[in-house]
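Notes for the structure review
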Number of protein chains: 2
Amino acid sequence: MSRILDHARRELDEFGPVKFNIMRVIEESGVSKSSVYHHFGGRDGVISAVEVQRLIDERMANNALLAQILASVNSGEECLDVIEAGLRAASNATGRKNRSHRIAIVAAAQHIPVLTESLAQESRIADIALTEMLNGARDRGLINPTESVEDIARYMATMFIGRSALDTFESEEFDAAWIRMSMGVLRGFLQPSPSKKSEN
Amino acid sequence: MSRILDHARRELDEFGPVKFNIMRVIEESGVSKSSVYHHFGGRDGVISAVEVQRLIDERMANNALLAQILASVNSGEECLDVIEAGLRAASNATGRKNRSHRIAIVAAAQHIPVLTESLAQESRIADIALTEMLNGARDRGLINPTESVEDIARYMATMFIGRSALDTFESEEFDAAWIRMSMGVLRGFLQPSPSKKSEN
(Lines give C-alpha, C1' and ligand atoms only; values in the text may rest on other atoms or scores of the structure.)
Protein backbone atom coordinates (compact mmCIF):
# COMPACT_ATOMS: atom_id res chain seq x y z
CA MET A 1 0.00 0.00 0.00
CA SER A 2 2.98 2.34 0.28
CA ARG A 3 3.11 2.63 -3.53
CA ILE A 4 -0.41 4.06 -3.73
CA LEU A 5 0.39 6.47 -0.89
CA ASP A 6 3.51 7.77 -2.67
CA HIS A 7 1.45 8.55 -5.76
CA ALA A 8 -1.42 9.97 -3.71
CA ARG A 9 1.00 12.26 -1.90
CA ARG A 10 2.34 13.60 -5.19
CA GLU A 11 -1.19 14.08 -6.53
CA LEU A 12 -2.15 15.94 -3.34
CA ASP A 13 0.94 18.19 -3.55
CA GLU A 14 0.26 19.00 -7.18
CA PHE A 15 -3.54 19.36 -7.27
CA GLY A 16 -4.66 19.87 -3.66
CA PRO A 17 -7.51 18.03 -1.89
CA VAL A 18 -10.37 19.47 -4.01
CA LYS A 19 -8.96 18.49 -7.44
CA PHE A 20 -7.39 15.28 -6.11
CA ASN A 21 -8.22 12.61 -8.71
CA ILE A 22 -8.27 9.13 -7.20
CA MET A 23 -8.61 7.37 -10.60
CA ARG A 24 -5.42 9.05 -11.86
CA VAL A 25 -3.60 7.94 -8.67
CA ILE A 26 -4.82 4.36 -9.10
CA GLU A 27 -3.77 4.28 -12.78
CA GLU A 28 -0.35 5.76 -12.12
CA SER A 29 0.39 3.50 -9.15
CA GLY A 30 -0.73 0.32 -10.93
CA VAL A 31 -2.49 -0.87 -7.74
CA SER A 32 -5.91 -2.43 -8.30
CA LYS A 33 -8.93 -0.23 -7.70
CA SER A 34 -10.67 -2.89 -5.58
CA SER A 35 -7.65 -3.18 -3.31
CA VAL A 36 -7.51 0.60 -2.79
CA TYR A 37 -11.23 0.74 -1.97
CA HIS A 38 -10.93 -2.28 0.29
CA HIS A 39 -8.10 -0.69 2.32
CA PHE A 40 -9.09 2.97 2.39
CA GLY A 41 -12.82 2.97 1.67
CA GLY A 42 -12.41 5.43 -1.20
CA ARG A 43 -11.01 8.81 -2.19
CA ASP A 44 -11.35 10.49 1.23
CA GLY A 45 -9.71 7.51 2.91
CA VAL A 46 -6.67 7.76 0.63
CA ILE A 47 -6.36 11.50 1.36
CA SER A 48 -6.62 10.79 5.11
CA ALA A 49 -3.94 8.11 4.77
CA VAL A 50 -1.56 10.65 3.20
CA GLU A 51 -2.29 13.07 6.03
CA VAL A 52 -1.62 10.37 8.64
CA GLN A 53 1.65 9.60 6.86
CA ARG A 54 2.62 13.29 6.96
CA LEU A 55 1.77 13.48 10.65
CA ILE A 56 4.10 10.54 11.30
CA ASP A 57 6.94 12.09 9.28
CA GLU A 58 6.51 15.41 11.07
CA ARG A 59 6.50 13.79 14.50
CA MET A 60 9.63 11.78 13.68
CA ALA A 61 11.42 14.95 12.54
CA ASN A 62 10.38 16.80 15.72
CA ASN A 63 11.54 13.91 17.89
CA ALA A 64 14.91 13.76 16.12
CA LEU A 65 15.34 17.51 16.70
CA LEU A 66 14.38 17.24 20.38
CA ALA A 67 16.77 14.29 20.88
CA GLN A 68 19.59 16.32 19.36
CA ILE A 69 18.87 19.32 21.61
CA LEU A 70 18.51 17.19 24.76
CA ALA A 71 21.84 15.47 24.06
CA SER A 72 23.52 18.87 24.30
CA VAL A 73 22.14 19.98 27.68
CA ASN A 74 23.99 19.46 30.96
CA SER A 75 21.34 19.69 33.67
CA GLY A 76 17.76 18.76 34.42
CA GLU A 77 16.84 22.44 34.58
CA GLU A 78 18.13 22.86 31.03
CA CYS A 79 16.01 19.85 29.98
CA LEU A 80 12.92 21.56 31.34
CA ASP A 81 13.92 24.82 29.64
CA VAL A 82 14.07 23.01 26.29
CA ILE A 83 10.63 21.48 26.84
CA GLU A 84 9.17 24.83 27.92
CA ALA A 85 10.66 26.56 24.85
CA GLY A 86 8.98 23.89 22.68
CA LEU A 87 5.62 24.47 24.36
CA ARG A 88 5.95 28.24 23.93
CA ALA A 89 6.87 27.85 20.26
CA ALA A 90 3.54 26.06 19.71
CA SER A 91 1.51 28.88 21.35
CA ASN A 92 0.81 30.84 18.18
CA ALA A 93 -1.80 30.50 15.45
CA THR A 94 0.36 27.93 13.61
CA GLY A 95 0.47 25.73 16.70
CA ARG A 96 -3.31 26.00 17.06
CA LYS A 97 -3.80 25.21 13.37
CA ASN A 98 -1.56 22.13 13.68
CA ARG A 99 -3.53 20.86 16.67
CA SER A 100 -6.89 21.39 14.99
CA HIS A 101 -5.57 19.74 11.81
CA ARG A 102 -4.45 16.78 13.89
CA ILE A 103 -7.89 16.42 15.45
CA ALA A 104 -9.49 16.50 11.99
CA ILE A 105 -7.15 13.70 10.85
CA VAL A 106 -7.82 11.61 13.95
CA ALA A 107 -11.59 12.05 13.49
CA ALA A 108 -11.41 11.18 9.77
CA ALA A 109 -9.32 8.11 10.54
CA GLN A 110 -11.76 6.80 13.17
CA HIS A 111 -13.87 4.84 10.71
CA ILE A 112 -11.05 3.51 8.53
CA PRO A 113 -9.39 0.58 10.37
CA VAL A 114 -6.09 0.80 8.46
CA LEU A 115 -5.75 4.48 9.48
CA THR A 116 -6.75 3.87 13.08
CA GLU A 117 -3.96 1.29 13.15
CA SER A 118 -1.49 3.73 11.52
CA LEU A 119 -2.31 6.39 14.11
CA ALA A 120 -1.96 3.92 16.99
CA GLN A 121 1.37 2.84 15.50
CA GLU A 122 2.41 6.49 15.24
CA SER A 123 1.55 7.06 18.91
CA ARG A 124 3.55 4.00 19.94
CA ILE A 125 6.60 5.14 17.95
CA ALA A 126 6.38 8.68 19.32
CA ASP A 127 5.98 7.38 22.90
CA ILE A 128 8.99 5.06 22.49
CA ALA A 129 11.12 7.90 21.10
CA LEU A 130 10.18 10.13 24.06
CA THR A 131 10.77 7.26 26.49
CA GLU A 132 14.27 6.77 25.08
CA MET A 133 15.04 10.47 25.42
CA LEU A 134 13.87 10.49 29.04
CA ASN A 135 15.85 7.30 29.74
CA GLY A 136 18.93 9.00 28.31
CA ALA A 137 18.38 12.05 30.53
CA ARG A 138 17.88 9.83 33.58
CA ASP A 139 21.01 7.77 32.82
CA ARG A 140 23.00 10.99 32.65
CA GLY A 141 21.64 12.00 36.07
CA LEU A 142 19.71 14.98 34.68
CA ILE A 143 16.29 13.84 35.90
CA ASN A 144 15.06 11.57 38.69
CA PRO A 145 11.62 10.39 37.53
CA THR A 146 9.01 9.60 40.20
CA GLU A 147 7.09 7.31 37.82
CA SER A 148 8.15 4.80 35.18
CA VAL A 149 9.61 6.65 32.21
CA GLU A 150 7.13 4.91 29.85
CA ASP A 151 4.19 6.16 31.90
CA ILE A 152 5.60 9.70 31.96
CA ALA A 153 6.13 9.67 28.17
CA ARG A 154 2.53 8.57 27.60
CA TYR A 155 1.26 11.11 30.13
CA MET A 156 3.11 13.88 28.32
CA ALA A 157 1.39 12.81 25.07
CA THR A 158 -2.03 13.18 26.75
CA MET A 159 -1.04 16.63 28.07
CA PHE A 160 -0.07 17.85 24.60
CA ILE A 161 -3.31 16.58 23.04
CA GLY A 162 -5.33 18.10 25.88
CA ARG A 163 -3.93 21.52 25.13
CA SER A 164 -6.17 21.59 22.04
CA ALA A 165 -9.14 22.03 24.39
CA LEU A 166 -7.91 25.61 24.99
CA ASP A 167 -7.43 26.51 21.34
CA THR A 168 -11.08 27.36 20.85
CA PHE A 169 -10.61 30.33 23.22
CA GLU A 170 -7.68 31.77 21.22
CA SER A 171 -6.48 33.23 24.54
CA GLU A 172 -2.77 33.83 25.15
CA GLU A 173 -3.52 34.15 28.85
CA PHE A 174 -5.18 30.72 29.09
CA ASP A 175 -2.39 29.15 27.05
CA ALA A 176 0.29 30.77 29.24
CA ALA A 177 -1.45 29.39 32.36
CA TRP A 178 -1.53 25.93 30.76
CA ILE A 179 2.22 26.09 30.03
CA ARG A 180 3.02 27.27 33.56
CA MET A 181 0.90 24.54 35.17
CA SER A 182 2.18 21.86 32.78
CA MET A 183 5.77 22.76 33.59
CA GLY A 184 4.89 22.35 37.29
CA VAL A 185 3.41 18.93 36.53
CA LEU A 186 6.48 17.88 34.51
CA ARG A 187 8.81 19.17 37.21
CA GLY A 188 6.95 16.99 39.71
CA PHE A 189 7.22 13.86 37.57
CA LEU A 190 10.76 14.40 36.24
CA GLN A 191 12.48 15.89 39.33
CA PRO A 192 15.23 17.71 37.41
CA SER A 193 18.71 17.86 38.88
CA PRO A 194 19.95 21.41 39.61
CA SER A 195 22.20 23.10 37.01
CA LYS A 196 25.81 21.86 37.00
CA LYS A 197 28.47 21.20 34.42
CA SER A 198 28.61 17.74 32.85
CA GLU A 199 31.38 15.52 34.19
CA ASN A 200 31.99 13.96 30.75
CA MET B 1 -32.19 28.65 14.92
CA SER B 2 -33.34 26.65 17.94
CA ARG B 3 -36.57 25.72 16.10
CA ILE B 4 -34.71 24.02 13.27
CA LEU B 5 -32.54 22.17 15.79
CA ASP B 6 -35.58 20.87 17.69
CA HIS B 7 -36.98 19.43 14.48
CA ALA B 8 -33.60 18.12 13.34
CA ARG B 9 -33.17 16.37 16.68
CA ARG B 10 -36.52 14.63 16.33
CA GLU B 11 -35.71 13.66 12.72
CA LEU B 12 -32.35 12.25 13.86
CA ASP B 13 -33.94 10.27 16.70
CA GLU B 14 -36.58 8.81 14.37
CA PHE B 15 -34.58 8.14 11.19
CA GLY B 16 -30.88 8.13 12.17
CA PRO B 17 -28.05 10.00 10.40
CA VAL B 18 -28.20 8.00 7.11
CA LYS B 19 -31.91 8.52 6.38
CA PHE B 20 -31.92 12.03 7.90
CA ASN B 21 -33.91 14.17 5.44
CA ILE B 22 -32.95 17.83 5.63
CA MET B 23 -35.79 18.97 3.33
CA ARG B 24 -38.36 17.37 5.63
CA VAL B 25 -36.79 19.13 8.62
CA ILE B 26 -36.85 22.48 6.82
CA GLU B 27 -40.49 22.06 5.80
CA GLU B 28 -41.64 20.99 9.25
CA SER B 29 -39.76 23.75 11.06
CA GLY B 30 -40.94 26.49 8.71
CA VAL B 31 -37.45 28.04 8.69
CA SER B 32 -36.23 29.21 5.26
CA LYS B 33 -33.88 26.90 3.38
CA SER B 34 -31.45 29.72 2.60
CA SER B 35 -31.18 30.63 6.27
CA VAL B 36 -30.46 27.00 7.24
CA TYR B 37 -27.76 26.70 4.57
CA HIS B 38 -26.31 30.06 5.52
CA HIS B 39 -25.97 29.06 9.18
CA PHE B 40 -25.05 25.40 8.96
CA GLY B 41 -23.65 24.97 5.45
CA GLY B 42 -26.07 22.12 4.69
CA ARG B 43 -27.32 18.75 5.87
CA ASP B 44 -24.12 17.62 7.62
CA GLY B 45 -23.84 20.95 9.42
CA VAL B 46 -27.36 20.60 10.82
CA ILE B 47 -26.57 17.07 12.06
CA SER B 48 -23.36 18.35 13.67
CA ALA B 49 -25.32 21.14 15.32
CA VAL B 50 -27.68 18.60 16.90
CA GLU B 51 -24.69 16.61 18.16
CA VAL B 52 -23.11 19.74 19.64
CA GLN B 53 -26.43 20.49 21.35
CA ARG B 54 -26.52 16.97 22.80
CA LEU B 55 -22.96 17.30 24.04
CA ILE B 56 -23.91 20.50 25.86
CA ASP B 57 -27.00 18.89 27.46
CA GLU B 58 -24.96 15.87 28.56
CA ARG B 59 -22.22 18.02 30.07
CA MET B 60 -24.76 20.12 31.97
CA ALA B 61 -26.38 16.97 33.39
CA ASN B 62 -22.99 15.59 34.45
CA ASN B 63 -22.04 18.87 36.09
CA ALA B 64 -25.32 19.01 38.00
CA LEU B 65 -24.73 15.47 39.25
CA LEU B 66 -21.15 16.22 40.30
CA ALA B 67 -22.25 19.41 42.11
CA GLN B 68 -24.85 17.42 44.03
CA ILE B 69 -22.31 14.76 45.04
CA LEU B 70 -19.66 17.31 46.02
CA ALA B 71 -22.16 19.18 48.21
CA SER B 72 -22.55 16.03 50.29
CA VAL B 73 -18.85 15.34 51.03
CA ASN B 74 -17.14 16.51 54.19
CA SER B 75 -13.42 16.48 53.39
CA GLY B 76 -10.97 17.20 50.59
CA GLU B 77 -10.02 13.54 50.48
CA GLU B 78 -13.66 12.67 49.81
CA CYS B 79 -13.70 15.30 47.02
CA LEU B 80 -10.76 13.56 45.37
CA ASP B 81 -12.43 10.17 45.84
CA VAL B 82 -15.50 11.45 43.98
CA ILE B 83 -13.34 12.74 41.11
CA GLU B 84 -11.38 9.48 40.95
CA ALA B 85 -14.60 7.44 40.89
CA GLY B 86 -15.78 9.58 37.96
CA LEU B 87 -12.52 8.98 36.07
CA ARG B 88 -12.74 5.23 36.71
CA ALA B 89 -16.36 5.13 35.54
CA ALA B 90 -15.21 6.51 32.16
CA SER B 91 -12.52 3.81 31.74
CA ASN B 92 -14.65 1.33 29.81
CA ALA B 93 -15.59 1.00 26.16
CA THR B 94 -18.50 3.44 26.62
CA GLY B 95 -16.15 6.08 27.97
CA ARG B 96 -13.82 5.54 25.01
CA LYS B 97 -16.72 5.72 22.58
CA ASN B 98 -17.93 8.99 24.13
CA ARG B 99 -14.46 10.52 23.82
CA SER B 100 -14.03 9.46 20.19
CA HIS B 101 -17.54 10.71 19.41
CA ARG B 102 -16.65 14.04 20.96
CA ILE B 103 -13.54 14.34 18.82
CA ALA B 104 -15.59 13.59 15.69
CA ILE B 105 -18.04 16.36 16.64
CA VAL B 106 -15.26 18.86 17.36
CA ALA B 107 -13.61 18.04 14.02
CA ALA B 108 -16.90 18.33 12.11
CA ALA B 109 -17.64 21.66 13.79
CA GLN B 110 -14.25 23.15 12.89
CA HIS B 111 -15.36 24.51 9.55
CA ILE B 112 -18.82 25.72 10.61
CA PRO B 113 -18.43 29.04 12.49
CA VAL B 114 -21.77 28.80 14.32
CA LEU B 115 -20.77 25.36 15.71
CA THR B 116 -17.25 26.46 16.63
CA GLU B 117 -18.93 29.23 18.62
CA SER B 118 -21.39 26.77 20.24
CA LEU B 119 -18.53 24.51 21.29
CA ALA B 120 -16.51 27.41 22.68
CA GLN B 121 -19.64 28.52 24.56
CA GLU B 122 -20.09 24.96 25.86
CA SER B 123 -16.49 24.91 27.12
CA ARG B 124 -16.95 28.25 28.87
CA ILE B 125 -20.14 27.09 30.59
CA ALA B 126 -18.55 23.80 31.67
CA ASP B 127 -15.44 25.61 32.96
CA ILE B 128 -17.59 28.07 34.92
CA ALA B 129 -19.63 25.24 36.46
CA LEU B 130 -16.45 23.44 37.53
CA THR B 131 -14.96 26.70 38.83
CA GLU B 132 -18.04 27.26 40.99
CA MET B 133 -17.84 23.72 42.39
CA LEU B 134 -14.15 24.19 43.27
CA ASN B 135 -14.91 27.60 44.80
CA GLY B 136 -17.59 25.97 46.93
CA ALA B 137 -15.18 23.27 48.08
CA ARG B 138 -12.53 25.89 48.87
CA ASP B 139 -15.00 28.07 50.82
CA ARG B 140 -15.92 25.03 52.91
CA GLY B 141 -12.22 24.46 53.67
CA LEU B 142 -12.11 21.16 51.77
CA ILE B 143 -9.35 22.17 49.36
CA ASN B 144 -6.55 24.73 49.42
CA PRO B 145 -5.81 25.42 45.73
CA THR B 146 -2.25 26.39 44.76
CA GLU B 147 -3.44 28.11 41.56
CA SER B 148 -6.45 30.25 40.71
CA VAL B 149 -9.57 28.09 40.69
CA GLU B 150 -10.40 29.22 37.12
CA ASP B 151 -6.99 28.05 35.88
CA ILE B 152 -7.38 24.69 37.65
CA ALA B 153 -10.87 24.19 36.16
CA ARG B 154 -9.53 24.86 32.65
CA TYR B 155 -6.51 22.65 33.28
CA MET B 156 -8.79 19.80 34.34
CA ALA B 157 -10.71 20.19 31.05
CA THR B 158 -7.44 19.80 29.09
CA MET B 159 -6.56 16.69 31.14
CA PHE B 160 -9.89 15.04 30.36
CA ILE B 161 -9.60 15.77 26.63
CA GLY B 162 -6.00 14.54 26.62
CA ARG B 163 -7.08 11.17 27.96
CA SER B 164 -8.49 10.43 24.49
CA ALA B 165 -4.89 10.11 23.26
CA LEU B 166 -4.73 6.80 25.16
CA ASP B 167 -7.99 5.37 23.83
CA THR B 168 -6.38 4.15 20.63
CA PHE B 169 -4.37 1.62 22.71
CA GLU B 170 -7.48 0.15 24.38
CA SER B 171 -5.19 -0.65 27.32
CA GLU B 172 -6.60 -0.83 30.85
CA GLU B 173 -3.07 -0.64 32.18
CA PHE B 174 -2.27 2.64 30.36
CA ASP B 175 -5.60 4.10 31.43
CA ALA B 176 -5.03 3.09 35.07
CA ALA B 177 -1.60 4.77 34.99
CA TRP B 178 -3.21 7.92 33.56
CA ILE B 179 -5.80 7.98 36.37
CA ARG B 180 -3.14 7.44 39.06
CA MET B 181 -0.90 10.19 37.67
CA SER B 182 -3.83 12.56 37.08
CA MET B 183 -4.97 12.12 40.67
CA GLY B 184 -1.43 13.02 41.76
CA VAL B 185 -1.57 16.13 39.59
CA LEU B 186 -4.99 17.14 40.99
CA ARG B 187 -3.84 16.46 44.56
CA GLY B 188 -0.93 18.84 43.92
CA PHE B 189 -3.15 21.63 42.57
CA LEU B 190 -6.10 21.19 44.95
CA GLN B 191 -4.29 20.36 48.22
CA PRO B 192 -7.20 18.51 49.84
CA SER B 193 -7.78 18.88 53.56
CA PRO B 194 -7.50 15.60 55.50
CA SER B 195 -10.73 13.74 56.34
CA LYS B 196 -12.75 15.28 59.18
CA LYS B 197 -16.41 15.79 59.98
CA SER B 198 -18.05 18.98 58.74
CA GLU B 199 -18.60 21.58 61.46
CA ASN B 200 -21.99 22.64 60.03
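Under an unreviewed UniProt entry, the name given to chain A is HTH tetR-type domain-containing protein, and the organism recorded is freshwater metagenome.

Overlaying chain B with chain A gives an RMSD of 0.1 Å, the required rotation being 180° about an axis along which the chain moves by 0.0 Å. Overall, the copies show the geometry of a two-fold rotation axis. Closest to the rotation axis within chain B is the C-alpha of B:Gly162, separated from it by 1.9 Å. Comparing contact sets, 100% of the residues at the interface of chain B also lie at the interface in chain A, consistent with an isologous, same-surface contact.

Once that is clear, we can look at the domain arrangement of chain A. For chain A, the assigned domains are domain 1 (1-40) and domain 2 (55-190). Relative to domain 2 of chain A, the C-alpha centre of domain 1 of chain A lies at a distance of 32 Å.

For B:Arg138, the position within the fold is in helix α7 (residues 113-139). For the pair formed by B:Arg138 and B:Ser48, sequence separation is 90 residues and the distance between their alpha carbons is 38 Å.

With that settled, the discussion passes to the interface of chain B and chain A. At the interface, 35 residues of chain B touch 35 residues of chain A. Together, the buried faces of chain B and chain A total about 2800 Å²; carbon and sulfur atoms form 68% of this surface. Here chain B and chain A share four salt bridges between them. Ionic pairing is found between A:Arg180 and B:Glu147, a salt bridge with its closest N-O pair at 2.3 Å. Where chain B packs against chain A, one counts eight residue pairs in polar contact (both at pLDDT 80 or more). Sorting the residues of the side of chain B that touches chain A by element identifies α6 (93-109), α7, α8 (149-162), α9 (164-167) and α10 (172-190) of chain B as the ones contributing at least two each. Considering each element in turn, the side of chain B that touches chain A owes the most residues, nine residues, to α8(B). Class assignment for the residues of the side of chain B that touches chain A results in 19 nonpolar, nine polar and seven charged.

Thresholds, definitions, all that
Residues numbered from 1 in each chain as written. Chains lettered and ligands numbered in written order. Predicted model: local features only at pLDDT ≥ 70, side-chain atom pairs only at ≥ 80, totals over all residues. Heavy atoms only, no water. Least-squares fit on C-alpha atoms with pLDDT ≥ 70 in both. Contact = heavy atoms within 4.5 Å. Domains from an automatic or database assignment. Helix = DSSP H or I, 4+ residues; strand = E, 2+ residues; numbered from the N terminus. Buried area = accessible area lost by both parts, 1.4 Å probe. Salt bridge = Lys/Arg side-chain N within 4 Å of Asp/Glu carboxyl O. Polar contact = N/O pair within 3.5 Å; in protein donor to acceptor, adjacent residues only side chain to side chain. Nonpolar A, V, L, I, M, F, W, Y, C, P; charged D, E, K, R; others polar.

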